[in-house]
Amino acid sequence: MTKNRTRTKWWKRAQWAAMRALLGTVGRASAGIRIGFRHGFDSGSMLDYVYVNKAGGFPVVGHLIDRVYLNAVGWRAIRARRELLKDVLRKEIAGRGGTGAQGGVRVLDVASGPGRYLQDLLAEYEPGTLHVECRDLDRAGLAQGGRQAAERGLTGISYAYGDALDPAPAAPAPDIVVVSGLYELLLDDAVIAASVARLRGMLAPGGVLVFTTQTRHPQLEFIANVLPNREGVLWEMKCRPVEVAEQWAAQAGFSEVASRRESVGLFTVTTARR
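Source: prediction; values computed, not measured.

Cut-off values and rules
- Residues numbered from 1 in each chain as written.
- Predicted model: local features only at pLDDT ≥ 70, side-chain atom pairs only at ≥ 80, totals over all residues.
- Heavy atoms only, no water.
- Helix = DSSP H or I, 4+ residues; strand = E, 2+ residues; numbered from the N terminus.
- Phe/Tyr/Trp six-rings, centres within 6.5 Å; stacked < 30°, edge-to-face > 60°.
- Buried < 20%, exposed > 50% of the residue type's maximum accessible area, 1.4 Å probe, protein only.
- Lys NZ or Arg CZ within 6 Å of the ring centre and 35° of its normal.

> Explanation requested: unusual backbone geometry in the structure shown.
Put simply, alanine 171 and proline 172 share a cis peptide bond, and its omega is -5°. Mapping proline 172 onto the fold places it in the loop between β3 (157–161) and β4 (176–179). Of note in this structure, asparagine 53 is not a glycine but carries a positive phi near 60°. Among the secondary structure elements, asparagine 53 is positioned in the loop between α3 (44–52) and α4 (61–70).

The following block contains the structure:
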């Protein structure tokens, strides 16, 4: 029995090593896979590419590989999560009548990457109605977002280097704080609970925290054994019941805590009102 288990583990390791080698060679014909190996498959630059959802890479073969890659269930769920997130934000903005405490609704995303979804949202509103601040530790992603916003002629959006888990106060205080795609990457529940409580203190009175939770993923084992993250180590994620996420918010003192699930069914978006 012990020999069988050892043989199975060896075979598994060999399979994952072969898959890593395949993606690191042939897979690089795909533009998306190249971005993943360069910046990390969990990076803002990677998510920005997934949002665009346009196959690229070397002609024919690279494009075919890239299309399969972009159609992976996790990426489809992330695109669905983006649409749900924008819908939630639209409702929150409308609920404030288009004005926050300091003139115009203020949105802070503490782990935004390039923030393409926020650019898309901002483009729907008249100048001065919405003010967006994007923060991240990925300077390349921030620079990319700044270029994109300038090319689109968007005003009312800014980019700043910042740690989502140790955020500097924002002045004026934001009406909405967003944490999208970050808590899924953290393995320690206590760290997330502390973050939720800290972000509550940053909000303007009556403000709302909007954050995402990954409740399941059918490819966790593949990702954890094949794909490197932005730090160059294998990307490990943790799934949690949405009830746990809602409990973090309630324990932090939020009221009116509610969650919605995106259409693919891997993520939820939770709103928690101060």
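> Would you take a moment to explain the packing of aromatic side chains for this structure?
Each pair of aromatic rings is reported with the distance of its centres and the angle of its planes. Per the counting criterion, the structure on display carries 7 aromatic pairs. A ring pair is formed by tyrosine 69 and tryptophan 75, whose centres lie 5.9 Å apart and whose planes are at 70°; its orientation type is edge-to-face. Relative to phenylalanine 211, the ring of tyrosine 183 lies with its centre 5.8 Å away and its plane at 65°, an arrangement referred to as edge-to-face. One end of the pair, tyrosine 183, is in the loop between β4 and α8 (189–200); the other, phenylalanine 211, is in strand β5 (residues 208–214), with 28 residues separating them in the sequence. As far as burial versus exposure is concerned, tyrosine 183 and phenylalanine 211 are alike and both buried. Through pairs of rings, three or more aromatic residues link up here, namely Phe37, Phe41, Tyr69, Trp75 and Trp235. It is arginine 81 that lies over the ring of phenylalanine 267; its NZ or CZ is 4.7 Å from the centre. The side chain of arginine 200 reaches across the aromatic face of phenylalanine 254, ending 5.8 Å from its centre.

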